Amino acid sequence: MNWDTVIGLEIHVQLATKTKIFSGASTAFGAEPNTQACAIDLAMPGTLPVLNKQAVNYAIMFGLAVDAEIGQVSAFERKNYFYPDLPKGYQTTQLEKPIVGRGNVEIQLADGSTKNVRIHHAHLEEDAGKSLHEGNFSSKFSGIDLNRAGTPLIEIVSEPDMSNAEEAIAFAKKIHSIVTSLGICDGEMSQGSMRFDVNVSVKPSGSDVLGTRTETKNLNSFKFMEEAIKREVERQIDVIEDGGTIAQETRLYNGETKIARSMRSKEEANDYRYFPCPDLLPVIVSDEQVAELRRNLPELPDARQSRFTEQYSLSDYDSGILSSDAAMAKYFEAVTSACNNAKLAANWTMGELAARLNNEDLSVANSPVSAEQLAGLITRIADNSISGKMAKEVFEGIWAGEGSADEIIEARGLKQVSDSGALEQMVADVLAANQAMVDAYINTDEAKRKKKLGGFMGQIMKASKGQANPQQVNQILAKKLNELL
Amino acid sequence: MHNLTIAELIKGLQSKEFTSVELTQHFLDRIGNLNPAYNAVITVTAEQALKAAAAADQRLTAGNAPDLCGVPILHKDIFCTNGVRTSCGSKMLDNFTPPYNATVVENFEQAGAVVLGKTNMDEFAMGSSNETSFYGPVKNPWATDSVPGGSSGGSAAAVAARLAPGATATDTGGSIRQPAALCGVSGIKPTYGRVSRWGMIAFASSLDQGGPMARTAEDCALLLNCMASYDDKDSTCIDREVPDYTATLNGSVKDLRIGVPKEYFSEGLHPGTEDAVRTALAKLEAQGAELIEISLPNSALSVPAYYVIAPAEASANLSRFDGSRYGYRCENPSDLQDMYCRSRAEGFGEEVQRRILIGTYCLSAGYYDAYYGKAQQVRQLIQQDFANAFDSVDLIMGPTCPSPAFKFGSKGDDPVAMYLEDIYTIATNLAGLPGMSIPCGMVDNKPVGLQIIGNYFDEARILNAAHQYQQATDWHDLAPEGVAS
Amino acid sequence: MSIERQEIEKLATLSRIAINESTIAEVSQRLGSVLDLVDQLQAVNTEGVEAMSHPMQATQRLREDEVTELNQRDALQATAPETEDGLFLVPKVIE
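Please read all numbers here as calculations on a predicted model, not as lab measurements.

K.L.:
It is not clear to me how the overall build of chain A should be interpreted in this structure. Could you clarify?
P.N.:
When helices and strands are counted, chain A shows 15 helices and 16 strands. For 485 residues, the compact-globule estimate of 2.2 N^0.38 gives 23 Å, and chain A exceeds it by more than 25% at 30 Å. Taking the principal axes of its C-alpha atoms as reference, chain A extends roughly 95 × 55 × 55 Å. The buried share of chain A, taken over its 485 residues, is 53%. Taking the intrachain contacts of chain A between residues at least 6 apart in sequence as the baseline, contacts between residues at least 24 apart amount to 68%. Of the roughly 21700 Å² of accessible surface on chain A, 48% is carried by carbon and sulfur atoms. Counting 50 positive and 67 negative side-chain charges, chain A places the averaged centre of each group 3 Å from the other.

K.L.:
Looking at this structure, how should I read helix H9 (residues 371-382) of chain A?
P.N.:
Residue pairs three or four apart in sequence face the same way in an α-helix, which turns once every 3.6 residues. Residue and element names in this part refer to chain A. Counted at 1.5 Å a residue, the expected span for H9 with its 12 residues is 16 Å, and the 16 Å between its end C-alpha atoms agrees. Taken together, the buried positions of H9 are occupied by Ala371, Leu374, Ala375, Leu377, Ile378 and Ile381. Buried residues along H9 cover an arc of 160 degrees about the axis, so they all sit on one side. On its buried face, H9 sits against helix H7 (326-339), helix H8 (342-359), helix H10 (388-399) and helix H11 (405-412).

K.L.:
Would you take a moment to explain a negative patch on the surface for this structure?
P.N.:
Negative charge collects at one region of the surface, where Glu32(A), Glu82(C), Glu84(C) and Asp85(C) lie side by side. Within the secondary structure, Asp85(C) is located in the loop between strand E2 (83-84) and strand E3 (87-91). Taking relative accessible area as the criterion, Asp85(C) reaches 46% and is therefore assigned partly exposed.

K.L.:
I keep staring at the packing of aromatic side chains and nothing clicks. Help me out?
P.N.:
When we look at a pair of aromatic rings, we describe it by the centre distance and by the angle of the planes. Summed over the entire model, instances satisfying the criterion amount to 26 aromatic pairs over all chains. Seen in terms of ring centroids, Tyr312(A) and Phe332(A) are 5.1 Å apart; in terms of plane orientation they differ by 80 degrees. Their pairing is edge-to-face. On the criterion of sequence distance, the pair formed by Tyr312(A) in the loop between helix H5 (301-311) and helix H6 (316-324) and Phe332(A) in helix H7 is long-range, its members being 20 residues apart. Put simply, the rings of Phe96(B), Phe124(B), Phe321(B), Tyr326(B) and Phe348(B) touch in pairs and so form one group of aromatic residues. Over the ring of Trp399(A) we find Arg356(A), and its NZ or CZ is 4.3 Å from the ring centre. Against the face of Phe265(B) rests Arg278(B), its NZ or CZ located 4.1 Å from the ring centre.

K.L.:
Any chance you could explain the interface of chain C and chain A here in plain terms?
P.N.:
Often, the extent of an interface is quoted as the loss of accessible area on bringing the components together. With 36 residues of chain C at the interface, the matching set in chain A holds 54 residues. If you look at where chain C meets chain A, you find 2 salt bridges. Close ionic contact of Glu66(C) with Lys18(A) constitutes a salt bridge, the shortest N to O distance being 3.1 Å. Our count for the contact surface shared by chain C and chain A stands at 25 residue pairs in polar contact (both at pLDDT 80 or more). Put simply, the parts of the chain that give the side of chain C that touches chain A at least two residues each are strand E1 (62-63), helix H3 (73-77) and E3 of chain C. For the side of chain C that touches chain A, the element with the highest residue contribution is E3(C), accounting for 5 residues. Of the residues contributing to the side of chain C that touches chain A, the split by class is 13 nonpolar, 10 polar and 13 charged.

K.L.:
Honestly, the interface of chain B and chain C in this entry has me stumped. Any pointers?
P.N.:
Facing the 65 residues of chain B at the interface are 47 residues of chain C. Across the chain B/chain C interface, buried area totals approximately 4900 Å², and carbon plus sulfur atoms make up 67% of it. Where chain B touches chain C, the interface holds 2 salt bridges. Viewed at the interface, chain C and chain B are joined by 18 residue pairs in polar contact (both at pLDDT 80 or more). For the side of chain B that touches chain C, the elements supplying multiple residues, two or more each, are helix H9 (302-317), helix H10 (336-347), helix H11 (350-363), helix H12 (369-389), helix H13 (415-419) and helix H14 (426-431) of chain B. If you tally residues by element for the side of chain B that touches chain C, the top one is H12(B), at 11 residues.

K.L.:
Any chance you could explain the nonpolar core here in plain terms?
P.N.:
Most often, soluble globular proteins keep nonpolar side chains buried together rather than apart. Among the nonpolar cores identified, the biggest contains 189 residues, and Leu68(B), Phe124(B), Phe386(B), Leu450(B) and Leu463(B) are the most heavily contacted of them. The element best represented in this core is H9(B), accounting for 10 residues. If we skip the residues at most four places from it in the chain, Phe386(B) touches Tyr264(B), Leu296(B), Ile396(B), Ala427(B), Thr428(B), Ala431(B), Leu433(B) and Ile453(B). Judged by nonpolar contacts, the second largest core, of 67 residues, contains Leu51(A), Ile119(A), Val198(A) and Leu219(A).

K.L.:
What should I look at first to understand the packing of helix H1 (residues 53-65) of chain A against helix H4 (residues 287-295) of chain A in this one?
P.N.:
Residues and elements named next belong to chain A. It is the contact of H1 with H4, at a shortest axis distance of 10 Å, that shows an interaxial angle of 70 degrees. When the interaxial angle is binned, H1 and H4 end up roughly perpendicular. In the crossing of H1 with H4, the sense of the turn from one axis to the other is right-handed. Contacts from Val56, Asn57, Ile60, Met61 and Leu64 of H1 reach H4 at Gln289, Val290, Leu293 and Arg294. Considering only residue class, the contact of H1 with H4 consists of 6 nonpolar, 2 polar and 1 charged.

K.L.:
Whenever I open this one, the pairing of E3(C) confuses me. Can you help?
P.N.:
Here is the key point about a regular strand: its side chains alternate between the two faces of the sheet. Taken across its 5 residues, E3(C) has 5 buried, putting it largely inside the fold. Summarising the sheet, strand E9 (residues 141-145) of chain A and E3(C) pair through 4 bridges and their orientation is antiparallel. If you follow Gly143(A) over to E3(C), its bridge partner there is Leu89(C). Relative to E3(C), E2(C) runs antiparallel, the two sharing 2 bridges. Paired with Glu84(C) across the two strands is Leu87(C), which belongs to E3(C). Hairpin connection from E2(C) to E3(C): 2 residues lie between these consecutive antiparallel strands, with Asp85(C) at a positive phi of about 50 degrees.

The rules behind the values
- Residues numbered from 1 in each chain as written.
- Chains lettered and ligands numbered in written order.
- Predicted model: local features only at pLDDT ≥ 70, side-chain atom pairs only at ≥ 80, totals over all residues.
- Heavy atoms only, no water.
- Helix = DSSP H or I, 4+ residues; strand = E, 2+ residues; numbered from the N terminus.
- Rg over C-alpha atoms; globule rule 2.2 N^0.38 Å.
- Buried < 20%, exposed > 50% of the residue type's maximum accessible area, 1.4 Å probe, protein only.
- Contact = heavy atoms within 4.5 Å.
- Areas by Shrake-Rupley, 256 points an atom, 1.4 Å probe, with all protein chains shown as cover.
- Lys, Arg positive; Asp, Glu negative; His and termini not counted.
- Charge placed at Lys NZ, Arg CZ, Asp CG, Glu CD.
- Expected span 1.5 Å × (residues − 1).
- Arc of directions from axis to C-beta.
- Patch = residues over 30% accessible without salt bridge, like charges linked within 9 Å, V, L, I, M, F, W, Y side chains within 5 Å.
- Salt bridge = Lys/Arg side-chain N within 4 Å of Asp/Glu carboxyl O.
- Phe/Tyr/Trp six-rings, centres within 6.5 Å; stacked < 30°, edge-to-face > 60°.
- Lys NZ or Arg CZ within 6 Å of the ring centre and 35° of its normal.
- Polar contact = N/O pair within 3.5 Å; in protein donor to acceptor, adjacent residues only side chain to side chain.
- Nonpolar A, V, L, I, M, F, W, Y, C, P; charged D, E, K, R; others polar.
- Buried area = accessible area lost by both parts, 1.4 Å probe.
- Core = buried A, V, L, I, M, F, W, Y, C linked by side-chain atoms within 4.5 Å.
- Axes fitted to C-alpha atoms, helices over the stretch in contact; angles between N-to-C directions.
- Parallel < 35°, antiparallel > 145°, perpendicular 65-115°, else oblique.
- Left-handed = near helix turned anticlockwise from the far one by under 90°.
- Pairing = 2+ DSSP bridges.

Structure representation (structure tokens):
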């Protein structure tokens, strides 16, 4: 039996406003508990919400970036349920009239093909606080920190257009790229700036009838999302093939333990009793406002990709990688601007730098190697001051905080010898000191001579302590040997 | 001094006939002596009052003090007062001291008024008899075996018993007008959005409005001048200039077109009440006004619609009272759900619990359209009735209540019997219109109130008509036995 | 109209109010009486009538995105039932 997978995503994006969606308290990350939770955020008696203008603008910007309808009149509803991190006992959200309507996102897949994923809508809502289950307090308690309560979110709901984990990840990454490029979200997944809920169902291939779907909530990394999807698809197929049925349920996936489980059925009978929030009035968005936001919209990933390909003569593939992450794109352009070598800048940014950052779980923003420093290194590679091999050593040095490329080259004496006079002398010296090798070379078949070059190279590099410019040495060596033939 | 109106007190203070400290001490003494009989005041703030009075006296001496500088008032215990317990008549908030002021409280503070204390009220403003307060019922100064009306029973009784010359109150379905009528005082509910709801503990957000109670229309105008303001912390507050309500009290009522709804004079109206109201209308006619019979066809639907909408909004507004961050928490909760369920069962009285359950029911899946959705449509019909009427009349008048003050416990076990007390007042809240009640007669030594309803933001015209009526009559001067001496 | 016991229990759970076994019958009866009242709405023809959420024809004011509320933790937690290290404490939440 062949199976089709149907996947839909709900993505919660924390908007990078300075203040909460309904109060003037700060949203800065990492503050002491409840120091950024004002009376409104704590749902103190008599407090009332007032809507943050920037949150509305950011939501509209997202809508424009995905070619969506912008709701000229949108409204807020109350979603009622009890939980300690939800101080009012209801979440203010949008249901009937969301601010952003239907839109489209194009994703690129590994095989080079593209696919369109439809956005059902995106709406504004407030984030909840945090429950801590461990702390100085007794094991009988949980500690509630409401700093996060009231942070503005847009919830982006896709249609169930994705059919495997790769597509889902590509979509999620594309959204990440869009919101960071727009500057409406800082994209720090580890800080919870983006969270994913994945709806997964399976059906027999070709069937028109959708299977029962489950929802896995609160994933905050692409890797975990991929694992969770694959496991869930497997699980569902197993259950059905064993003759069972899929229960419509909410699940959690723990990326550390790799265990997925069903959430306690407190959710099961939750009737949210949505109704229009009487404390907030209809939100009106004018054509002028939308036009202005559209005019000032930052460069979007797709446009940036095309521009990179053209402006920097990069391959589509390379442009794709460099343009997808806004921070990385910015870094790359800063490097290129400083050293004027797009090709090397691209290679080093996507290659060495990205690998190292990934290894140590750092974002580009926190890179120990600044764009200027990398540009400095590339300049020395391009002008042949150092060899490619040396360059890696210098890079390590910059990463470790030893200074700029020039400073490290100087300090460690790594400057490549490229002076042709000096090199000529070096080659001549080695040839003179290795007559036996020279004779062997001359007496070998022409076809086999190339292999013998390595021996000379080795000697020359040894003599120069690795600092001889290999390409130049090669040329000189070949010329001299030819003369001897 | 307690027999003087606010207008007269202002003259006395400005002309140094007495000081604010003297005045304040006088009322504090009265409260000390008389309050036990009526239970109108829950919290007395003697120390703060005398301090404020002293400061007011200084301002008065300096000259150019605002109108209400030095005038003692009471606040309904639904307005948050910084550093002073604000209970909302409930065990749930018996231990709650807000660290902020309601805007209404702030306005009076800026004006130099002196706060004597907080008045008793039906729990969470839900009631029409002030029998549901955690602090015990309020007795009607006219007949202490009878109710003062509710939910602002404390404010009404306090003014009637001359414990203060004026008090703030709130009205969601008649809670200013009905107790004003039953206690023989004047009270006005302004247009929805005229007075800020910031810091005014919410019952039904789209219906609640704060307003003044005093013995005369002129006094109400003075108090309303202070209470009304645009507040950007309340999204539903309307940004519209506040006129000087005292400046237009003296216009003649000649040619004033008064609509008399036939639906307000039907079965269920106490004959004594009808007599008094018709006499009052005749008086206005004699003063030159024109009485026009009108119809408000959907009147009968106002009580059912209200008892869907108000409980629905309240059920969400009261979810924040869960024992987590402030207010009552039950002893030794066994787990989180136990904490919620028992804190709320023990902290809320029966009527509040009932309304929460009703509200939850009306918003439930499967019932929303039939109840809440339907009620919101009926609300539109009711608003339309008024709009039609105001095409041909300037004000609408009729009885405030179906009968004079009833005895404690006489509404028995049937909650609906109590709900019908508000049959004439509720429609104004649903439409958001301003409405007032002024004394217009006595039946069996119990006061009867005349209700005056105006078009949106037409408080000035209402107060004008009321003032003109009060110039030609003396119902508002009557005092319960033993109180005026 | 009478409301089934099951319905009352469901409402009690949704609104987190513990209802005493002994009072369920009474609660049911009184709620039933209120529902009889509001059922009067069913008789009305409201076809084509818009639902009214707000009495005024006003629109939402937007607030500038500037921090106006600074740390007020001490004042706001002064009245809290149980706190520790700046956190509000509630009986342990089991996921």
